[in-house]
Amino acid sequence: MTDPVLRTKGICKSFGALRASRDISIDLFPGEIHAIIGPNGAGKSTLIGQICGTLKPDAGSVELLGQDVTHQTARARARAGLGRTFQISSLAMEDTVLQNALLGALGASGNPWRFWKDVLKDQDLRATAEEALVRVGLEDHARVRTAELSHGQRRQLEVAVALTLRPKALVMDEPMAGMGSEGSKRLTGFLDELRHEAPILLVEHDMDAVFALADRISVLVYGEVIATGTVEEIRADAAVREAYLGEDA
Amino acid sequence: MIRETHVNALTLLALVAIPAWALYADEPFTITLMTRAAIFAIAAIGLNIALGIGGLVSLGHAVFFGIGGYAMGILAHHAQTYTALAEWPFLIEGTKSMPVIWLVAVCLSALAALIIGALSLRTTGVYFIMITLAFGQMFFFFAISWAEYGGEDGLSIYVRNGFPGLNTLAPIQFYGLCLALLVIVLLFAWKLSRSPFGLALNAARQAPMRVETVGLDPMRLKLIAFVISGVITGLAGALFADLNRFVSPTMFSWQLSGEIIIFIILGGVGRLFGPVIGALAFVALEHWLGGLSDYWHIYLGLLLLVVVLFGRGGLIGMLSGREAVHD
Amino acid sequence: MSLILLIEQVLNGLQFGIMLFLMAAGLTLIFGVMGLINLAHGSLYMIGAFCAAAVAAATGSFVLGLIAALAGAAIAGALVELVVIRRLYDKDHLDQVLATFALILIFSEGTRWIFGSFPLFLDVPDFLSGPVTLPGGIEYPLYRLTLIVVGLLVALGLYLLISKTRLGVQIRAGENDREMIAALGIDIAKLYTIVFALGAALAGLSGALVGAIQSVQVGMGEPVLILAFVVIVIGGIGSIKGALIGAILVGLTDTLGGIFLPELLKLFFDPSTATSIGSSLASMAIYILMAAVLVLRPAGLFGARA
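Here is what the cut-offs are and how they apply
- Residues numbered from 1 in each chain as written.
- Chains lettered and ligands numbered in written order.
- Predicted model: local features only at pLDDT ≥ 70, side-chain atom pairs only at ≥ 80, totals over all residues.
- Heavy atoms only, no water.
- Helix = DSSP H or I, 4+ residues; strand = E, 2+ residues; numbered from the N terminus.
- Buried < 20%, exposed > 50% of the residue type's maximum accessible area, 1.4 Å probe, protein only.
- Patch = residues over 30% accessible without salt bridge, like charges linked within 9 Å, V, L, I, M, F, W, Y side chains within 5 Å.
- Areas by Shrake-Rupley, 256 points an atom, 1.4 Å probe, with all protein chains shown as cover.
- Salt bridge = Lys/Arg side-chain N within 4 Å of Asp/Glu carboxyl O.
- Pairing = 2+ DSSP bridges.
- Core = buried A, V, L, I, M, F, W, Y, C linked by side-chain atoms within 4.5 Å.
- Contact = heavy atoms within 4.5 Å.
- Axes fitted to C-alpha atoms, helices over the stretch in contact; angles between N-to-C directions.

Colleague: Looking at this structure, how should I read unusual backbone geometry?
Modeller: Most of the time, phi is negative for any residue but glycine, and the peptide bond is trans. Residue and element names in this part refer to chain A. Its identity is not glycine, yet R166 carries a phi of approximately 45°, on the positive side. In this fold, R166 is placed in the loop between helix 5 (151–164) and strand 8 (169–173). Look at R166 and you get partly exposed, because its relative accessible area is 49%. Phi at E174 is positive, roughly 50°, even though this residue is not glycine.

Colleague: How should a nonpolar patch on the surface be read in this particular structure?
Modeller: A contiguous nonpolar surface patch, about 490 Å² in accessible area, is contributed by V149, L153, L156, Y159 and L160 of chain C. Examined against the element boundaries, Y159 of chain C turns out to sit in helix 5 (residues 142–164).

Colleague: Hey, could you run me through the pairing of strand 11 (residues 224–229) of chain A in this one?
Modeller: Regular strands have side chains that alternate between both faces of the sheet. All names here are of chain A. As defined by bridge partners, strand 10 (residues 216–221) adjoins strand 11 across five bridges and the pair is classed as antiparallel. Bridged to L220 within strand 11 is V225. The hairpin turn running from strand 10 into strand 11, its antiparallel successor, is two residues long, and Y222 in that turn takes a positive phi close to 50°.

Colleague: Looking at this structure, I do not really get the nonpolar core. What am I missing?
Modeller: Generally speaking, soluble globular proteins have nonpolar side chains that are buried together. By size, the foremost hydrophobic cluster in this structure holds 261 residues, and its most contacted members are L191 of chain A together with L182 of chain B. Take this core: its biggest share by element is 17 residues, from helix 2 (residues 28–53) of chain B. Once residues within four sequence positions are removed from consideration, L182 of chain B is found in contact with L15, A38, A41, I42, I45 and V276 of chain B. Counting 21 residues, the second-largest nonpolar core is a separate cluster that includes I11, I48, V69 and V171 of chain A.

Colleague: Just checking my understanding: could you explain the sheet that holds strand 8 of chain A for this structure?
Modeller: Strands belonging to one sheet form pairs held by backbone hydrogen bonds; the direction of such a pair is parallel or antiparallel. Residues and elements named next belong to chain A. Strand order in this open sheet of six strands is 7-8-9-4-10-11, and the pairing throughout is mixed. Each edge of the open sheet is held by one strand with a lone partner, namely strand 7 (82–85) and strand 11. Put simply, the sheet's adjacent strands are angled 15° from each other on average, direction ignored. Inspection of the sheet shows strand 4 (residues 33–37) paired to strand 9 (residues 200–203) by four bridges, in the parallel sense. Bridge pairing in strand 9 links I36 to V203. Across the sheet, helix 1 (residues 44–52) touches strand 4, strand 7, strand 8, strand 9 and strand 10, and the angle it forms with strand 8 is around 150°.

Put into structure tokens, the structure is as follows:
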């Protein structure tokens, strides 16, 4: 039994009377894609926030590579190897594609306290950044301003930035959102390969992608995981069906 | 459309040509005006690092301008009155040497920026603006109450301080000194904007969450930017006090804080030469419009409104269009 | 230090604080509802004072002057909102700061152009002048006492307005979710103009009332504006309760600090050093208070937003 790369134990979070996370325990093993699905309002964003360090759980713990990171900041977790992509693109819009990738590389290298050298001339940073861009297929757009990219290209850039960190685990928040079918297919293929490099905790609404990619699925409803299993198991699960009645599956 | 680099080159040319002409035509007052513009430019370049790159709307940057000015005023005052600044724990005498004064101004500004920044950056947005403004007022009132150094009336320094090898009393020589410093500061600002720090700071302004999740600390980046920015504006303050041979609490005033921002906005936020062009334009307006009417601030206000409401990008934006991609 | 002097100074601090509250309430409303930082608020204070002084001088009636202050400031506020402020709601803070700073320049120089550089005089009206004897035998200026009462009445009025009226509901809704109230069909444009004019009227009233005990001159508004900002930082943006408590705290700190700090320092230093250091420290006391609040509560004492 291999150790999980990422694990939460009994995560609880309430906002006043609203219990957004109720005793959530999930894990992510090497080489797998573990999808989190659930209706809107189920608490997926809250869960991601606690895993990545932007929200503090009221109770429970988060472990990354066996280390308890519950009290570590988001940036400490990033340095420890936790990559993240956002549902709403969080990129420096005025900067170019290359500059955003360089930012990731800079974060990975850990030293922004250099005030004189031209960042574009730093060979190490440049290599890391360009490598990531090549992997997602954006190398021809290196000099394009991020604001001018299409939605799908921005998603690709998000992934590229996460990759510059050489992540040990990836948390992806609805990467397919807003992608057309072409883009979704390409991204699906990409993530399928990526899992071997870094396992992915994938929050998604796009059921085609989920069923195509997921090794395991956990279903989150009203802050609680009501079922975890393989694609077949989840498809057959009655409780899941009920929760999703009316949902586009 | 004129390319931004050409606009920059023309500005540098003007900074050399206009005083040269003034020297030839025996118009020392023009040289003084240019010196004033150069010093304002340095102050604004300082602010632009925090504001243009870091997105920190500091409405209290006159704090550093005043600290630099008073550093000069206090040191020179003790030198010219042959009194010691402090006798305990060790003897500190005054000085009239510019390099020493600049060093003191820079260190004090850095310290102040560290404290003010650490406190103010606990907040964001509107709070930050209000707090920096409030700190400016704090120093302003403190300076007024400090009777030992002139209080409200300010402090006069009878003879300009000295710089090795120069006759600083000669307007053109003092201007040359200020211009040299301006060029150095510009070079530093340019390099910084293209550096890893500049990239990270710029990203911290646009997407702080992203910066956090790549493993960097946006708060610390902004704090260091604030300190660097305060140091440069502090140096400008020391120069300004020397230009006028006078320092007073108005160097801490909110009006001056506002004017420093105006230099940047007139020239173009975040543009390398924005503060320089803005300062030149402001001094020119101050001189010409001020000559025409006692109430020229009304026109400045109207101009400012027009620029803000209808034409962002300032003068450089108008001349050169969108900022070019950093290649 | 006698008890009488202490009580007098406490009352002075209260009076100062309550007048600050009028400014701060307007500012915090405008920011809470419209998300706008308004540096021109000090100009509205000044306009109120000038209207009051001009009308009082022309008609001999202080009350008419006050009405003129309210009307003048409200109208100026509404005009400014329609012509300039309206264009700023979607812009970033830097633009708002610069545009309202530009307004300060225009208003200040404009006022100087119309009225000249010398201060105007606004006298405390006869029916409010002179001392009044408080319980305990303390004599205190009736006018200052009136200011405290007026300020508290305004605070009560605001509370009632916001919690009991339709406008108040709209204001509270707007503070919570700006986009939502548009979706609910509320006339945002009109709401914003009304809120801005209300804030302006409060500022103008404050300027007129204080103008009778200080001088009415160009530039009188900005120091008060900045203090009002300190009040809001301490009290929390968007909170009228915070503005009131913050204002009273600031007023008391400033007034009492000026008395107590030199006295306190006299325990450690000789009288003249103590007085000079003390008065310098006192001038900074408010800002030290602000810094302390910031360290402990970055969103202010009652701030909901960070």
